[in-house]
There are 2 protein chains.
Amino acid sequence: VTNPPTPDLLPALIRLVGAAQVLVEPADIAPFSTDWRGRYSGTPLCVVRPGTVDEVAGVVRLCAQADVAIVPQGGNTGLCGGATPIGGEVLVSLVRLNRIRDVDALNNAITVESGCTLQQVQEAAAKAGRLFPLALASEGSATIGGNLSTNAGGVQVLRYGTMRELTLGLEVVLPSGEIWHGLRALRKDNTGYDLKHLFIGAEGTLGLITAATLKLYPRPRYQSTAWLAVRDPASAVRVLAALRESLDNTVTAFELMSDVALGLVAQHIDGAPLPLQQAPAWQVLVEFSGSAALADEVPQALMALREIGEISDAVIASNDTQAQAMWRLRENISEAQKREGVSIKHDISVPVSRMADFIARADAQLTQQFPGLRIVCFGHVGDGNVHYNLSKSLTQDNAAFIKSAPIANRIVHDLVTEFGGSISAEHGLGQLKRDEIARYKSSVELDMQRAIKRALDPTGRMNPGKLLPSCRH
Amino acid sequence: VTNPPTPDLLPALIRLVGAAQVLVEPADIAPFSTDWRGRYSGTPLCVVRPGTVDEVAGVVRLCAQADVAIVPQGGNTGLCGGATPIGGEVLVSLVRLNRIRDVDALNNAITVESGCTLQQVQEAAAKAGRLFPLALASEGSATIGGNLSTNAGGVQVLRYGTMRELTLGLEVVLPSGEIWHGLRALRKDNTGYDLKHLFIGAEGTLGLITAATLKLYPRPRYQSTAWLAVRDPASAVRVLAALRESLDNTVTAFELMSDVALGLVAQHIDGAPLPLQQAPAWQVLVEFSGSAALADEVPQALMALREIGEISDAVIASNDTQAQAMWRLRENISEAQKREGVSIKHDISVPVSRMADFIARADAQLTQQFPGLRIVCFGHVGDGNVHYNLSKSLTQDNAAFIKSAPIANRIVHDLVTEFGGSISAEHGLGQLKRDEIARYKSSVELDMQRAIKRALDPTGRMNPGKLLPSCRH
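Residues numbered from 1 in each chain as written. Chains lettered and ligands numbered in written order. Predicted model: local features only at pLDDT ≥ 70, side-chain atom pairs only at ≥ 80, totals over all residues. Heavy atoms only, no water.

(A) Broad picture of the overall build of chain A. The helix and strand tally for chain A stands at 17 helices and 19 strands. Whereas a compact globule of 473 residues would reach a radius of gyration of roughly 23 Å, chain A reaches 23 Å, a difference of no more than 12%. Dimensions along the principal axes, computed over C-alpha positions, put chain A at roughly 75 × 55 × 45 Å. Taken over 473 residues, chain A has a buried fraction of 61%. Considering only contacts within chain A whose residues lie at least 6 apart along the sequence, 73% involve residues at least 24 apart. With the model as given, the accessible surface of chain A reaches about 17200 Å², and the carbon-plus-sulfur share is 51%. With 44 positive and 48 negative side-chain charges, chain A shows a separation of 3 Å between the mean positions of the two kinds. (Helix = DSSP H or I, 4+ residues; strand = E, 2+ residues; numbered from the N terminus. Rg over C-alpha atoms; globule rule 2.2 N^0.38 Å. Buried < 20%, exposed > 50% of the residue type's maximum accessible area, 1.4 Å probe, protein only. Contact = heavy atoms within 4.5 Å. Areas by Shrake-Rupley, 256 points an atom, 1.4 Å probe, with all protein chains shown as cover. Lys, Arg positive; Asp, Glu negative; His and termini not counted. Charge placed at Lys NZ, Arg CZ, Asp CG, Glu CD.)

(B) Molecular detail of the pairing of strand 12 (residues 222-230) of chain A. Residue and element names in this part refer to chain A. For strand 12, a buried count of seven out of nine residues is recorded, marking the element as mostly surrounded by other parts of the structure. As defined by bridge partners, strand 12 adjoins strand 14 (residues 282-290) across nine bridges and the pair is classed as antiparallel. Considered in strand 14, the bridge of Tyr-222 is made with Gly-290. Pairing of strand 12 with strand 15 (residues 311-316) involves five bridges; the strand directions are antiparallel. What sits directly across from Ala-226, in strand 15, is Ile-316. (Pairing = 2+ DSSP bridges.)

(C) Structural view of the interface of chain B and chain A. Contact with chain B, which involves 83 residues of that partner, is made by 83 residues of chain A. Buried area between chain B and chain A, both sides added, is near 7100 Å², and the carbon and sulfur share of it is 54%. The interface formed by chain B and chain A contains 14 salt bridges. As a salt-bridge pair, Asp383(A) and Lys188(B) come within 3.2 Å of each other at their nearest N and O atoms. Looking at the side of chain B that touches chain A, the elements with two or more residues in it are helix 6 (157-160), strand 9 (179-182), helix 7 (196-199), helix 8 (233-247) and helix 17 (443-456) of chain B. (Buried area = accessible area lost by both parts, 1.4 Å probe. Salt bridge = Lys/Arg side-chain N within 4 Å of Asp/Glu carboxyl O.)

(D) Highlighting the sheet that holds strand 4 (residues 90-93) of chain B. Residues and elements named next belong to chain B. Read from one edge of the open sheet, four strands run 1-2-4-3, paired in mixed fashion. Lying at the two open borders of the sheet, with one neighbouring strand each, are strand 1 (22-23) and strand 3 (70-73). Inspection of the sheet shows strand 2 (residues 46-48) paired to strand 4 by three bridges, in the parallel sense. Bridge pairing links Cys-46 to Val-90 in strand 4. Packing against the sheet, helix 3 (residues 53-66) makes contact with strand 2, strand 3 and strand 4, and its axis sits at approximately 170° to strand 4. (Axes fitted to C-alpha atoms, helices over the stretch in contact; angles between N-to-C directions.)

(E) Here's a closer look at the relation of the copies chain B and chain A. When chain B is fitted to chain A, the best match, at an RMSD of 0.0 Å, comes from turning it 180° and sliding it 0.0 Å along the axis. With respect to symmetry, the two chain copies, as superposed, fit the operation of a two-fold axis. (Least-squares fit on C-alpha atoms with pLDDT ≥ 70 in both.)

(F) The arrangement of the environment of Thr191(A) in detail. Among the secondary structure elements, Thr191(A) is positioned in the loop between strand 9 (179-182) and helix 7 (196-199). Among the residues examined, Thr191(A) registers a relative accessible area of 5% and is labelled buried. It is 44 Å that separates the C-alpha atoms of Thr191(A) and Val24(A), two residues lying 167 residues apart in sequence. In contact with Thr191(A), other than residues within four places in its own chain, are Ser422(B), Ile423(B), Ser424(B), Leu429(B), Ile437(B), Lys441(B) and Gln449(B). Looking at Thr191(A), its side chain comes within polar contact range of the side chain of Asp189(A), at 2.9 Å. (Polar contact = N/O pair within 3.5 Å; in protein donor to acceptor, adjacent residues only side chain to side chain.)

(G) Quick peek at helix 9 (residues 259-268) of chain B. Residues of helix 9 of chain B that are buried: Ala261(B), Leu262(B), Leu264(B) and Val265(B). Along the axis of helix 9 of chain B, the buried positions cluster into a sector of 150°, meaning they face one direction only. (Arc of directions from axis to C-beta.)

(H) Examining the packing of helix 1 (residues 9-17) of chain A against helix 3 (residues 53-66) of chain A more closely. All names here are of chain A. Interaxial distance between helix 1 and helix 3 falls to 10 Å at its minimum, and their mutual angle equals 170°. Taken together, the axes of helix 1 and helix 3 lie roughly antiparallel to each other. For the pair helix 1 and helix 3, the contacting residues are Leu-9, Ala-12, Leu-13, Leu-16 and Val-17 in the first and Glu-55, Gly-58, Val-59, Leu-62, Cys-63 and Ala-66 in the second. Across the contact of helix 1 with helix 3, the residue classes tally to nine nonpolar, one polar and one charged. (Parallel < 35°, antiparallel > 145°, perpendicular 65-115°, else oblique. Nonpolar A, V, L, I, M, F, W, Y, C, P; charged D, E, K, R; others polar.)

(I) Representation of the sheet that holds strand 3 (residues 70-73) of chain A in the model. Sheet architecture is open: four strands sit in the order 1-2-4-3 (chain A), paired in mixed fashion. Two strands bound the open sheet, and with one partner strand each, they are strand 1 (22-23) and strand 3 of chain A.

(J) Here's a closer look at the packing of aromatic side chains. All names here are of chain A. Under the counting rule described, the total for this entry stands at eight aromatic pairs over all chains. Pairing Phe-358 with Phe-419 gives two aromatic rings, centres 6.0 Å apart and planes at 85°, and the pair type is edge-to-face. Of this pair, Phe-358 sits in helix 13 (residues 355-369) while Phe-419 sits in the loop between helix 15 (405-418) and helix 16 (436-440), placing them 61 residues apart in sequence. Accessibility expressed as a relative area gives 0% for Phe-358, which makes it buried. With a relative accessible area of 4%, Phe-419 lands in the buried category. By the ring-pair criterion, three or more aromatic residues cluster together here, those being Phe-358, Tyr-388 and Phe-419. (Phe/Tyr/Trp six-rings, centres within 6.5 Å; stacked < 30°, edge-to-face > 60°.)

(K) Structural detail: a positive patch on the surface. Residues and elements named next belong to chain A. On the surface, Arg-37, Arg-39, Lys-338 and Lys-345 cluster together into a patch of positive charge. With respect to the secondary-structure elements, Lys-345 resides in the loop between strand 16 (343-344) and strand 17 (347-349). Owing to a relative accessible area of 36%, Lys-345 belongs among the partly exposed residues under this scheme. (Patch = residues over 30% accessible without salt bridge, like charges linked within 9 Å, V, L, I, M, F, W, Y side chains within 5 Å.)

(L) Region of interest: helix 1 (residues 9-17) of chain B. Residue and element names in this part refer to chain B. For helix 1, the set of buried residues is Leu-9, Ala-12, Leu-13 and Val-17. Across the axial projection of helix 1, the buried residues extend over an arc of 110°, all falling on one side. Taken from the residues just after helix 1, Gly-18 is the one with a positive phi, measuring 95°.

(M) Up close: the confidence of the model for chain A. For chain A, per-residue confidence averages 94 on the pLDDT scale, and 98% of positions sit at 70 or higher. Interface scoring of the predicted complex returns ipTM 0.96; its pTM is 0.96. (pLDDT = per-residue confidence, 0-100.)

(N) Expanded view of the packing of helix 9 of chain B against helix 12 (residues 333-340) of chain B. All names here are of chain B. Interaxial distance between helix 9 and helix 12 falls to 8 Å at its minimum, and their mutual angle equals 70°. Comparing their axes, helix 12 and helix 9 come out roughly perpendicular. The residues of helix 12 that touch helix 9, namely those facing Ala-261, Leu-264, Val-265, Gln-267 and His-268, are Ile-333, Ala-336, Gln-337, Arg-339 and Glu-340.

(O) Fine view of the pattern of salt bridges. Counted under the stated rule, the structure contains 46 salt bridges over all chains. In this structure, Glu165(A) and Lys215(B) form a salt bridge, with 2.6 Å as the shortest nitrogen-oxygen distance. Of the two residues, Glu165(A) is situated in the loop between helix 6 (157-160) and strand 8 (167-173) and Lys215(B) in strand 10 (residues 208-215); the pairing between them involves two chains. You can call Glu165(A) partly exposed: its relative accessible area is 21%. Judged by relative accessible area, which is 9%, Lys215(B) ranks as buried. Here Arg164(B) ties to Asp194(A) by a salt bridge, and the two come within 3.3 Å at their closest N and O atoms.

(P) Quick look at the side chain of Ser291(A). Looking at where Ser291(A) falls in the secondary structure, it is placed in the loop between strand 14 and helix 10 (294-307). On the accessibility criterion, Ser291(A) (11% relative accessible area) is buried. Only 2.5 Å separates the side chain of Ser291(A) from the side chain of Glu297(B), close enough to count as a polar contact. With sequence-adjacent residues up to four places away left out, Ser291(A) is seen in contact with Arg221(A), Tyr222(A) and Glu297(B).

(Q) Seen up close, unusual backbone geometry. All names here are of chain B. Its identity as a non-glycine residue notwithstanding, Asn-76 has a phi of 55°, on the positive side. Looking at the secondary structure, you find Asn-76 in the loop between strand 3 and strand 4. You will see that Asn-151, though not glycine, has its phi angle at about 45°, which is positive. Tracing the backbone through its elements, the reader meets Asn-151 in the loop between helix 5 (144-149) and helix 6. What makes Asn-151 buried here is its relative accessible area of 5%.

Quick look at the structure:
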């Protein structure tokens, strides 16, 4: 339980960052106090928008003195309520910390403040002739701090890894208000415990990330995008393996989509004709990045897969417009499902080799339990990560469907665990799954997590009510 | 200070693992009690060789009950004394834990016990048609557990990353004797703090790694190896950037070597003619992995660099034998330097973009301080990691040279830090640099390291005297 804040806290915050950057009116606070899916809401004591790292450190020290909890927030695009207050905290919005501090093209590294949007970082990299490969639907408003705190993934993980693997160094304001200057721009550094990996994916429960040094890559010189018809998920997994064997790590994306998912897109999104004449049960969007030799190599590899019957049809985009149209089909699945009505979503991962069995088993259990249920399955098969979403049967009413969510979640998450998978592949735990995870992790692992929380945030004031089943000791 | 061990400990260990696996005789213990460079030595209470994970856990529990410290040891090939006892510990040798537990080619993952040698893992991957890309000179005897505990690097980091980036999951026996079953084979998993990254690079100070799930990759279909003459390190860095821009991530190795380094190879190693007629001051070994199109693309890219004067000469290996001969020149540098006499070695990293300035500044300061000193500089420029080694002047005697090591180290390490670098890029701290690091890390960072040590090893019994300036509280 938080002590009543000292009456001095608000005036002290105003003295530190200026009255314009301390919001207390309900109308001003409203945009920060609810997550964008509208599932979580809490009223913070105030919203503070520091403009420098030293101001962030000052805010955190004042909160420490007053024994008031802190919620860090970036673009407020999280999907699990991890940046939404539970009530009574100081919400620290990082959006004013949005400078690109340094771009070092020869070192393939960029140093940015955590309030930069992902798109801002992509653009700064492009301007220097480099690629920052993280790509997400929300990149125009999601911030780097949020991407780091949730270890964001997306469609390019197959080749470039998640946010964690793209990070070289961090600058973090610790719960005490001290600053850890860990902005190293090194590929190799073995001088003690790797602290940055503790803060990445910690959802703001150990400290407040203020800046990061991130990896850059050469920009792809040539890309080839293709749309394939496959028999089933097992076939998709074999096709991926075959393409990686013949074309190695030129495979930069491999997205599987069910006919149900693409049917919703065709129904709800204008101007989105499917690339293939026939409508196979499963389709794949595959992207290759490499040299111009791909213009010959990709058709050869796909032809070989057609000859052995592993793919039944294929189209290669003949220009950028066609490639973009293919990507739009994939990216519109979530929007189409939203237009169709309420949904129950699962962001899960299993080993790639077990994906097909998982989908078959989950489909069977769910359709037995909920006749007429529509399974909208699509996603990053190359990472073993699908969005296994559910839309209600055409006859069921919304209330009954929503009420069935806990049973559906239990079926999916139990099965994911049986297959050695994760109940949160790329969205984090936040408030949504913080209790759910206790069912699936061993007490040994939960005890270690709590020991680390106590070690780095002994008073439990960093983003309480998130990630760990119990955050306040 | 360690309490006197209970008299029951040795008999209890013998009951657990059998008398043949508990070594106490000086002659039996000797191979374990000195590091392979012969710089550190300590007498353990005994050497225990458990054969299963449950036996490891049992050994750790018995040591906990007796309040006796533990030193984990793999192949004993470490370069910093991290696996050598300081005296009085139970040395737990993991070499009998050497099963390949699972190879999952479709998931590109392999699960191995920590006593497997790196070579054993490479071979198991190859047998399944896959590549495990970590490659080190000591791979025939270095174990996976040691590779993990030191976050090993090597020559393929440019494309595939260090051991840390190759690891999906771990199984660890904690200081309490509990087992953390963290062998996940997932590319995406965001369900709390990433514990595996704490144990990787921890040099056995937080727990005892018993198994790991590691990433596999497609095997390269086509490789091209070339030997280049460049003017200076700055030119080498620009050549690397240009090659990565034109040939993207087909660049899998980029090794810079000074004429001094290659001169020692020519002098001491039989049958090692240098590939280029002229002897330029700096030479580069570069390896490309990709499709057969490289046969055209590599010569074109090198020609373009010759035309702008960035490289003055180049040879492309025309077959595997020539490629292997080039690699042998690079790999024989350490051996040649050893035959030349005593040396002072620095395993350091700086941002790639600052490598040339670092080398120039370090060269100038060292040759001013030690006239006639020979600087043997070579290594992984693509990772910003060179082995900046020193051989004495031809007239100096060994004793005087060795005595100058602290001054040379101070010059190099201070300069590395000024350039934002690391004083241990890929070898770890062990006993060698555990005190040195305190000069270069902030108290904020050292305090966090100590807080984590206390949180996970509260009685300080895991590998005392390594990594942290103070390990016993």
